[in-house]
Amino acid sequence: MKWTALLAAGFVSLGPVAAHATPRSLPFTYPNETLSKGEVEVELYTDANTVRVPANATDATAGNIWTPEYRLQTEIEYGLSDRFELGFYQVFQATPQAGGDNSLKFDGLKWRLRTRLAQPGELPVDIGFYFELETMHDELSFEAKVNLQRRFGNLRWMANLWAEETITRPLDTAAHGRSAHFIVNPTTGITYEVTPTFQPGIEYWARGQIAPSGITDQERNNTAVHHFVGPTIHLNLNRFWWSVGAYLHLNSQSTPAPGDAYGPVWFRSVIGLDL
């Protein structure tokens, strides 16, 4: 604990650093700023969702155990111009299995374009737009966001009005389960710039269908809108930055059952490197 405290104090005490790339001061919410023309940035996402699985796949009396579900993403961003930014993702999913192991698989690709209306601070509220195509192994999604931002001195508020249309099993016939779903995924949060290096904050995000789908009660609950809120920390070390957040599940803090999509806590880390 002593070394952790000294390390944190060292980060806070660092002087101003030059701004590079487009650091994400909140792990889920995009800022208004975009890359300059010709700039390249790599971002590494790690999501961990605490869920429950059977302790033994063949012995129901063994009970259940806690295990994390991981989602890993690598994104490459490129500044097409000073106001248009391209992004390309590779997505991997580690699905928990009985006994506490997981099955890591390549889940698909994402392609996106992000832009903004003006330079940050020129409008009463900074406005940007984000469009994404997800080509996953079992679904095709079209995603759009309106990104909002406002600065009040060292305090910054951001929000993403986020929705997507997902077609599951898009290449299958309707008889084999093809279906479309409208998903909302709003985010908002605030950060405070203690120093240009150290910026704590708090963030809210939600995800799910306003009209849940599914046959069983568990399936309908899994697809309903779930809400999360928690503290965040952003460290900006010039060409390298790191944002991390731990989020409390507001829908329920009870112990999840095997098959429940969300646990009581969600963790996200985003690491950025300006190339």
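Structure's up top.
Residues numbered from 1 in each chain as written. Predicted model: local features only at pLDDT ≥ 70, side-chain atom pairs only at ≥ 80, totals over all residues. Heavy atoms only, no water.

### Thoughts on the overall build of the protein chain
Then comes step 1: Looking only at helices and strands, the protein chain has two helices and 13 strands in total.
Then comes step 2: What you see for the protein chain is a C-alpha radius of gyration of 20 Å, in line with the 19 Å of a compact globule of 275 residues.
Then comes step 3: With the principal axes as the frame, the protein chain shows a C-alpha extent of 60 × 50 × 30 Å.
Then comes step 4: For the protein chain, the residues scored as buried account for 39% of the 275 residues in total. (Helix = DSSP H or I, 4+ residues; strand = E, 2+ residues; numbered from the N terminus. Rg over C-alpha atoms; globule rule 2.2 N^0.38 Å. Buried < 20%, exposed > 50% of the residue type's maximum accessible area, 1.4 Å probe, protein only.)

### Description of the environment of P170
Then comes step 1: Structurally, P170 can be placed in the loop between strand 7 (155-168) and strand 8 (179-184).
Then comes step 2: Taking relative accessible area as the criterion, P170 reaches 28% and is therefore assigned partly exposed.
Then comes step 3: C-alpha separation for the pair P170 and F28, spaced 142 residues apart in sequence, amounts to 27 Å.
Then comes step 4: Setting aside residues up to four positions removed in sequence, P170 forms contacts with D138, E139, L140 and R178. (Contact = heavy atoms within 4.5 Å.)

### Things to note about a nonpolar patch on the surface
Then comes step 1: Taken together, the side chains of F152, L155, I190, Y192, V194 and I202 define a hydrophobic patch exposed on the protein surface, amounting to about 510 Å² of accessible area.
Then comes step 2: Among the structural elements, F152 can be located in strand 6 (residues 139-152). (Patch = residues over 30% accessible without salt bridge, like charges linked within 9 Å, V, L, I, M, F, W, Y side chains within 5 Å. Areas by Shrake-Rupley, 256 points an atom, 1.4 Å probe, with all protein chains shown as cover. Salt bridge = Lys/Arg side-chain N within 4 Å of Asp/Glu carboxyl O.)

### With respect to unusual backbone geometry
Then comes step 1: Backbone geometry places N238, a non-glycine residue, at a positive phi of 65°.
Then comes step 2: Along the chain, N238 falls in the loop between strand 11 (226-237) and strand 12 (240-249).
Then comes step 3: Relative accessible area serves as the criterion here: at 31%, N238 is assigned to the partly exposed category.

### Some words on the environment of V91
Then comes step 1: Assignment of secondary structure puts V91 in strand 3 (residues 84-96).
Then comes step 2: Measuring from C-alpha to C-alpha, the distance between V91 and G245 comes to 20 Å, with 154 residues separating the pair along the chain.
Then comes step 3: The contact partners of V91, leaving out residues within four places of it in the chain, are R71, L72, Q73, K105, F106, D107, G108, K110 and M136.

### Considering the pairing of strand 10 (residues 198-207)
Then comes step 1: Here strand 9 (residues 187-192) runs beside strand 10; their pairing, made up of five bridges, is antiparallel. By the bridge assignment, T188 is partnered in strand 10 with Y204.
Then comes step 2: Counted along the chain from strand 9 to the antiparallel partner strand 10, the turn is five residues long.
Then comes step 3: Relative to strand 11, strand 10 is paired through ten bridges, and the arrangement is antiparallel. (Pairing = 2+ DSSP bridges.)

### Brief notes about the pattern of salt bridges
Pairing between side chains of opposite charge can happen when the charged atoms of each approach one another.
Then comes step 1: Summed over the entire model, instances satisfying the criterion amount to 13 salt bridges.
Then comes step 2: E85 is the salt-bridge partner of R112, the closest N and O atoms lying 2.8 Å from each other. Highlighted residues: R112 in strand 4 (residues 102-116) and E85 in strand 3, separated in sequence by 27 residues.
Then comes step 3: Among the residues examined, R112 registers a relative accessible area of 4% and is labelled buried.
Then comes step 4: Salt-bridge contacts for D217 lead to R220; the nearest nitrogen and oxygen are separated by 2.5 Å. Here D217 and its partner R220 are both found in helix 2 (residues 217-223), three residues apart, which amounts to about one turn of the helix.
Then comes step 5: The exposure class assigned to R220 is partly exposed, which follows from its relative accessible area of 32%.
Then comes step 6: Each of E75, E77, E85, R112 and R114 takes part in salt bridges that share partners, so that together they form one network.

### Structural notes on the packing of aromatic side chains
Where two aromatic rings form a pair, the distance of their centres and the angle of their planes describe that pair.
Then comes step 1: The tally for this structure, following the rule as stated, stands at twelve aromatic pairs.
Then comes step 2: Summarising the aromatic geometry, the rings of W205 and W266 are spaced 5.3 Å apart at their centres and angled 75° between planes, so their arrangement reads as edge-to-face. You can see W205 sitting in strand 10 and its partner W266 sitting in strand 13 (residues 265-274), a full 61 residues away along the chain. The same class applies to W205 and to W266, which are both buried.
Then comes step 3: Aromatic side chains F228 and Y262 sit 5.6 Å apart centroid to centroid with 55° between the ring planes, which places their arrangement in the tilted category. Pair noted here: F228 is in strand 11 and Y262 is in the loop between strand 12 and strand 13, with a separation of 34 residues, a long-range link.
Then comes step 4: Put simply, the rings of F28, W205, F228, Y247, Y262 and W266 touch in pairs and so form one group of aromatic residues.
Then comes step 5: When the ring centre of Y30 is taken as origin, the NZ or CZ atom of R24, which lies over that ring, is 4.0 Å away. (Phe/Tyr/Trp six-rings, centres within 6.5 Å; stacked < 30°, edge-to-face > 60°. Lys NZ or Arg CZ within 6 Å of the ring centre and 35° of its normal.)

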